[in-house]
Amino acid sequence: GGLRDVSVSRSTVKWGVPVPGDPEQTVYVWFDALINYITVAGYGTDRFAKTWPADLHLIGKDITRFHGIIWPAMLMALGLPLPRRIFAHGFWDFEGEKMSKSLGNVVDPAALIGNLSELIGIDEPMAVDALRYYLCREGTYGQDVDFSSERLLLRFNTDLANDLGNLLNRTLNMIDKFRGQIAGQPFIPKAETGALFTATVQSIRSDYDNLQFSAGLEKTWALVNTLNKMIEDDKPWVLARNKDLAALTAHLATLVTGLWYIGNLLEPCMPTAADRL
């Protein structure tokens, strides 16, 4: 739309900060509000050099003009460096409609977490992580996404409980069951899995650097599914019965190592669950 001068005061709004020397004018709220970024970062103190510029300004898509034009112009006028990146996120709709107080379809996250905790039977920190997983996984970050209680429960039951929870429980149970048999064996993962783990980490790091959380989590779950399939393919219970202890130990070591990678990859979106895992 082109660039044009922006007035930083208003004569018709009386509840703003008065302009010094002109009581008929108040400071434009979007000029006044933006200054808070450097105020909070410690402008005028020694701390400011450590906290500014921001690595990322994460903002709503409806306020990109203020953060992409007015705010950089203010910083340039002050001789200050600009934020290294500005990313505009989309909106969460509610089952096909825009969330609105007047429509009464706003989702209260605190109440939702309480309901999740009670419904599923998990403590609240884990319920927070379940919600965080859904919010990060359900749509492409930057675009509008539709919130659905059914989808939230589906994600929990399929991705978290069935896929990841099943992998963890099966691994721990097999370690416990076969621990006596594998004692003394070198606990080293299968050689061919090292490249898979490394490539997965590198790819997901790129996704997270680009704020593509859903893509990163999708690749994390590809690793979860690979390990679940490995259990079905290797049949560790058969390896134990046939006394193939080297193969059994390598199998279990691969599962444990894979879960360690998964825990680290999950930490940005599910810190409590990752720590417990």
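As the structure is a prediction and not an experimental result, all values here were calculated from the model.

## Some words on the pairing of strand S5 (residues 86-89)
Here is step 1: Strand direction decides the pairing type here: strand S4 (residues 57-60) and S5, joined by 4 bridges, are parallel. Looking at S5, one finds that Gly60 is bridged to His89.
Here is step 2: Between the parallel pair S4 and S5, the chain is carried across by helix H4 (residues 64-78), and the sense of this crossover is right-handed.

## Considering unusual backbone geometry
Here is step 1: Of note, the amide linkage connecting Trp52 to Pro53 takes the cis form, showing an omega dihedral of 5°.
Here is step 2: Following the sequence through the fold, Pro53 ends up in the loop between helix H3 (48-51) and S4.
Here is step 3: The residue Lys235 is not glycine, and still its phi comes out positive at about 50°.
Here is step 4: Tracing the sequence through the fold places Lys235 in the loop between helix H9 (213-234) and helix H10 (236-241).
Here is step 5: Look at Lys235 and you get partly exposed, because its relative accessible area is 38%.
Here is step 6: With a phi angle near 60°, Lys243 is a residue other than glycine that sits in the positive phi range.
Here is step 7: Note that Lys243 resides in the loop between H10 and helix H11 (245-266).
Here is step 8: Owing to a relative accessible area of 60%, Lys243 belongs among the exposed residues under this scheme.

## Examining the nonpolar core
Here is step 1: With 35 residues, the main nonpolar core has Leu167, Leu217, Trp221, Leu252, Leu255, Ile262 and Leu266 as its most contacted residues.
Here is step 2: When residues in this core are grouped by element, the largest group, 8 residues, is from helix H7 (residues 149-182).
Here is step 3: Here Trp221 is in contact with Tyr133, Arg137, Asp159, Leu160, Asp163, Leu164 and Leu266, once residues within four sequence places are set aside.
Here is step 4: Residues Tyr28, Ile38, Ile70 and Trp71 belong to the second largest nonpolar core, which totals 15 residues.

Here is what the cut-offs are and how they apply
Residues numbered from 1 in each chain as written. Predicted model: local features only at pLDDT ≥ 70, side-chain atom pairs only at ≥ 80, totals over all residues. Heavy atoms only, no water. Pairing = 2+ DSSP bridges. Helix = DSSP H or I, 4+ residues; strand = E, 2+ residues; numbered from the N terminus. Right-handed = clockwise from strand over helix to strand, strands pointing away. Buried < 20%, exposed > 50% of the residue type's maximum accessible area, 1.4 Å probe, protein only. Core = buried A, V, L, I, M, F, W, Y, C linked by side-chain atoms within 4.5 Å. Contact = heavy atoms within 4.5 Å.

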